[in-house]
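Coordinate analysis (summary)
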Amino acid sequence: MSYELKKSLDTVLDFIPDEKQTLLFVDDEENNLQLLKRTFRGKYNILTAHNGLEALDVVKEYADVISLIVSDQKMPVMEGTEFLQHVKEYNPQIIKILLTGHVGTDILVSAINDCDLFQYILKPFELEELKIAVENGIVKHSMANNNKLYYKELRALFYKTIKAMSNTLDTKDAYTNGHSLRVTLYSMILAKELHLDNQYMEDIEIAGLLHDIGKIAMPKNILCKNGKLTDDEFKVMKSHPVKGGRIVFNIKKLQLISSWVKTHHEKWDGRGYPEGLKGEEIPLPGRIIALADTYDAMTSTRSYRKALSHETAIEEIKRCSGTQFDPKLAELFISVAEEINFARQHPVEMYEKYSFLGKNIDFKISSEAAANARVIEETQAVQ
Ligand SMILES: [Fe+2]
């Protein structure tokens, strides 16, 4: 066997899963069904039906397991093309082969398009011809599924990378442990209250995890300083949103959220940084993360002061509503204060509940680390 042939054969074989795949044969003639059953049962699981309507019931029940359907065209109750048109409503990935007598080209073309046919086979046919069509169809089905699997794996890898970046930052210093996670969690609680759609929620989750990623570029003696920063040091630290925005912008899929990362230290009244944006000039996720970030900074122990209580932090948020914070968001935050407080005390469990990314990755953070999480934040928490 030539190398090229072996390579292409290996490729095809790679796409054929070990487990038996399931075929559905639809024909009103019992003899034909029996013949098809005998021919294919060694290699595949077989389902059968005697007309389109009956077959549709089978599809409804087994949509997720059927890989390929071979349907006769001429059947009582419901014809093959009508039945096959409905199949995509239950699972568009099922491969469809139609067995038909001689019909006009127009009818055939519209059948191919309307039913998304993989192949039609003119009757009478050789069994060998059908075997080849089924094998090819199964390869196509397996390839599509492998692509889906590959995409899923890529997605999981992407989120693992996000988590790894966030964890790296959170563990860079004992005081920052758990900060990004909690900020993300509080942001997601707010986002959920705003009824943002799933994609928006997912993007906010990523932005929350990466909001302080620019700190990776901060000198360690400033980032981990045991005490309050000098004016010069604070000036350096204030560059982290811009640096973070740049880092995130370089990741193609994350360009949308780079402006959210960049604006998480802006203030509603325009006194924030880096650009002094005001009100709704600040993107909504930037405002959400800013609020979550400040709450976490206030309720976490710093190297130079103890954590404020939840109640005191809420009072501060009330006081700074309309100046530091978006007043509507501050009001919303206060309305879910109890849930936020619970999340603060049980960040791991609550994050698992809220996370969209967590459903794609094996997310683990030690409870102890989370419980002991403390923050060193440059944010001048509401004073
Ligand atoms: Fe920050």
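Note that this is a predicted model, so its numbers are computed, not measured.

All right, on to helix H13 (residues 284-298) then. Given a rise of 1.5 Å per residue, 15 residues ought to cover 21 Å, and the 21 Å separating the end C-alpha atoms of H13 matches this to within 8%. Counting buried positions along H13 gives 14 out of 15 residues, so the element sits mostly inside the fold.

Geometrically, the link from Lys 123 to Pro 124 is a cis peptide bond, its omega value of -5° lying close to zero. Looking at the element boundaries, Pro 124 is found in the loop between strand E5 (119-122) and helix H6 (127-170). The residue after Tyr 273, namely Pro 274, is reached through a cis peptide bond having omega 15°. As for its placement among the helices and strands, Pro 274 is situated in the loop between helix H12 (255-262) and H13. At Val 77, a residue that is not glycine, the phi angle is positive and equals roughly 70°. If you trace the backbone, Val 77 turns up in the loop between strand E3 (66-72) and helix H4 (80-90).

The next subject is the nonpolar core. General note: in soluble globular proteins, nonpolar side chains tend to be found buried as a group. Counting 42 residues, the largest nonpolar core has Tyr 186 and Leu 291 as the members making the most contacts within it. For Tyr 186, the contacting residues outside a window of four places in its chain are Ala 292, Tyr 295, Asp 296, Ile 340 and Ala 343. With 28 residues, the next largest nonpolar core counts Ala 49, Val 59, Val 70 and Ala 133 among its residues.

Here we come to the sheet that holds strand E2 (residues 45-49). Read from one edge of the open sheet, 5 strands run E2-E1-E3-E4-E5, paired in parallel fashion. The open sheet has two edge strands, E2 and E5, and neither has a second partner. Geometrically, the sheet is characterised by an average inter-axis angle of 20° between neighbouring strands, direction not taken into account. When strand E1 (residues 22-26) meets E2, the two strands line up parallel, connected through 5 bridges. Along E2, the bridge assignment pairs Phe 25 with Thr 48. Its contacts with the sheet place helix H2 (residues 30-40) against E1, E2 and E3, and it is angled at close to 170° to E2.

Before going further, it helps to spend a moment on the pairing of strand E4 (residues 95-100). Remark: a regular strand shows side chains that alternate across the two faces of the sheet. Of all 6 residues in E4, 6 are buried; the element is thus mostly enclosed. Of the two faces of E4, the one carrying Ile 95, Ile 97 and Leu 99 and the one carrying Lys 96, Leu 98 and Thr 100 are both buried. Bridge count for E3 against E4 is 5 bridges, and the pairing is parallel. Opposite Ser 71, over in E4, you have Leu 98 as the bridge partner. The parallel pair E3 and E4, bridged by H4, forms a crossover whose chirality is right-handed.

Taken residue by residue, the chain gives an average pLDDT of 83. The fraction at 70 or more is 86%. Ranking the elements of the chain by mean pLDDT puts helix H18 (residues 367-371) last with 35 and helix H15 (residues 327-335) first with 98. The model gives residues 1-18 a pLDDT under 50, and that stretch makes 9 contacts with residues more than four places away or in other chains.

All right, on to the packing of helix H7 (residues 179-193) against helix H17 (residues 347-354) then. In helix packing, the relevant descriptors are the interaxial angle and the interaxial distance, both defined with respect to the helix axes. The N-to-C vectors of H7 and H17 enclose an angle of 50°; their axes lie 10 Å apart at closest approach. Between H7 and H17, the crossing angle belongs to the class labelled oblique. Where H7 crosses over H17, the two elements pack in a sense that is left-handed. Of the residues in H17, those touching H7 at Leu 181, Arg 182, Leu 185, Met 188 and Ile 189 are Pro 347, Met 350, Tyr 351 and Tyr 354. When the residues that make up the contact of H7 with H17 are grouped by side-chain class, the tally is 8 nonpolar, no polar and 1 charged.

On to H15, then. Side chains of residues three or four places apart in an α-helix project in the same direction, reflecting 3.6 residues per turn. Every buried residue belonging to H15 is among Leu 329, Ala 330 and Phe 333, and all of these are buried. Looking down the long axis of H15, one finds its buried residues gathered within 100° of arc, a one-sided arrangement. Exposed and facing more than 90 degrees away from the buried side of H15 are Lys 328 and Ser 335. In this structure, the buried residues of H15 make contact with H7, H13, helix H14 (310-319) and helix H16 (337-345).

Here is what the cut-offs are and how they apply
- Residues numbered from 1 in each chain as written.
- Predicted model: local features only at pLDDT ≥ 70, side-chain atom pairs only at ≥ 80, totals over all residues.
- Helix = DSSP H or I, 4+ residues; strand = E, 2+ residues; numbered from the N terminus.
- Expected span 1.5 Å × (residues − 1).
- Buried ≥ 20, exposed ≤ 12 C-beta atoms within 10 Å, placed from the backbone.
- Core = buried A, V, L, I, M, F, W, Y, C linked by C-beta atoms within 7 Å.
- Contact = placed C-beta atoms within 7 Å.
- Pairing = 2+ DSSP bridges.
- Axes fitted to C-alpha atoms, helices over the stretch in contact; angles between N-to-C directions.
- Right-handed = clockwise from strand over helix to strand, strands pointing away.
- pLDDT = per-residue confidence, 0-100.
- Parallel < 35°, antiparallel > 145°, perpendicular 65-115°, else oblique.
- Left-handed = near helix turned anticlockwise from the far one by under 90°.
- Nonpolar A, V, L, I, M, F, W, Y, C, P; charged D, E, K, R; others polar.
- Arc of directions from axis to C-beta.

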